[in-house]
Amino acid sequence: AVFLMVETMMRDLFREIMPDVRLINIMDDSLLATVVAEQRISPAVTRRMCDYVVAAEVAGADAVLSLCSSLGPAIDPARRLVSIPVIKIDDPHTELAAREASRIGVMATVGTTLAPTVALIREKAASLGKEVEIVESLSEKAFQVLMAGGREEHDEMVVAAAQALAPRVELILFAQASMARLAPRVAEATGLRVLASPRLAIEYTKQVLDGLKKG
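Because the structure is predicted, anything quoted here is derived from the model rather than measured. (Residues numbered from 1 in each chain as written. Predicted model: local features only at pLDDT ≥ 70, side-chain atom pairs only at ≥ 80, totals over all residues. Heavy atoms only, no water.)

Novice: Would you explain the nonpolar core in this entry?
Specialist: Across soluble globular proteins, nonpolar side chains have a tendency to be buried as a group. Counting residues in each nonpolar core, the largest one holds 20 residues, and the members touching the most others are M107, V158, I172, F174 and V186. Every element with two or more residues in this core is listed here: α8 (151–165), β5 (171–174) and α9 (183–190). In terms of residue count, α8 provides more of this core than any other element does, 5 residues in total. Setting aside residues no more than four positions away along its own chain, M107 makes contact with S137, V158, A161, A162, L165, I172, L173, F174, A175 and M179. (Core = buried A, V, L, I, M, F, W, Y, C linked by side-chain atoms within 4.5 Å. Buried < 20%, exposed > 50% of the residue type's maximum accessible area, 1.4 Å probe, protein only. Helix = DSSP H or I, 4+ residues; strand = E, 2+ residues; numbered from the N terminus. Contact = heavy atoms within 4.5 Å.)

Here it is, written out as structure tokens:
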């Protein structure tokens, strides 16, 4: 749903982790804008996501990796329409957080990513038979500043929010892949482990594909 993320961060990670895998990119940058404007995932958006997942299977994909956290809930019905694995970008790092911590801080700068990520952590924790406490941190103003070109100011705001959150949690999880570049800085500023989705998601996808080859 965000062209820049595919063309920079994710492309480079795929080249590093799975250089022999052929990528098929299905892009629709209107999806996230629609979800943000409507503050919900409408039936129409869910239908479009389902259509894209089916299209990926028809195109010959062995697996699908959905890169948008806000659209994660639309993947659940899409999974039932295909016979290939469909992975949410947040599946691996939310499961890792649920395994490793009982008090988890979830940080976001876009409101629509927060609820799906929190729900996914609770789902992973339940599957592990654990109860977790989740503390949410939303910095919407930081995202507005970033969209206006204020990258450094955005970064300072995110770090400040992390420092305010840190005393209340054992681990910090970023709800957006777009925040991943700040993980080392936030870890240094807070002294906590910081989980971001991109690398973990691609490493997990590689495991899934390797498992299909063995099968």
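Novice: Can you help me understand helix α3 (residues 43–58) in this one?
Specialist: Here α3 is 16 residues long and its end C-alpha atoms lie 22 Å apart, about the 22 Å a rise of 1.5 Å per residue gives. Along α3, the residues classified as buried are V45, T46, M49, C50, V53 and A56. Down the axis of α3, the buried set is contained in an arc of 140°. They therefore lie on one face. What points out from α3, more than 90 degrees from its buried face, is the exposed set P43, R47 and V58. As for α3, its buried residues are in contact with α2 (30–38), β1 (64–66), α4 (72–79) and β2 (86–88). One or two residues past the end of α3 sits G60, with phi positive at roughly 105°. (Expected span 1.5 Å × (residues − 1). Arc of directions from axis to C-beta.)

That's the geometry; what it means functionally is another story.
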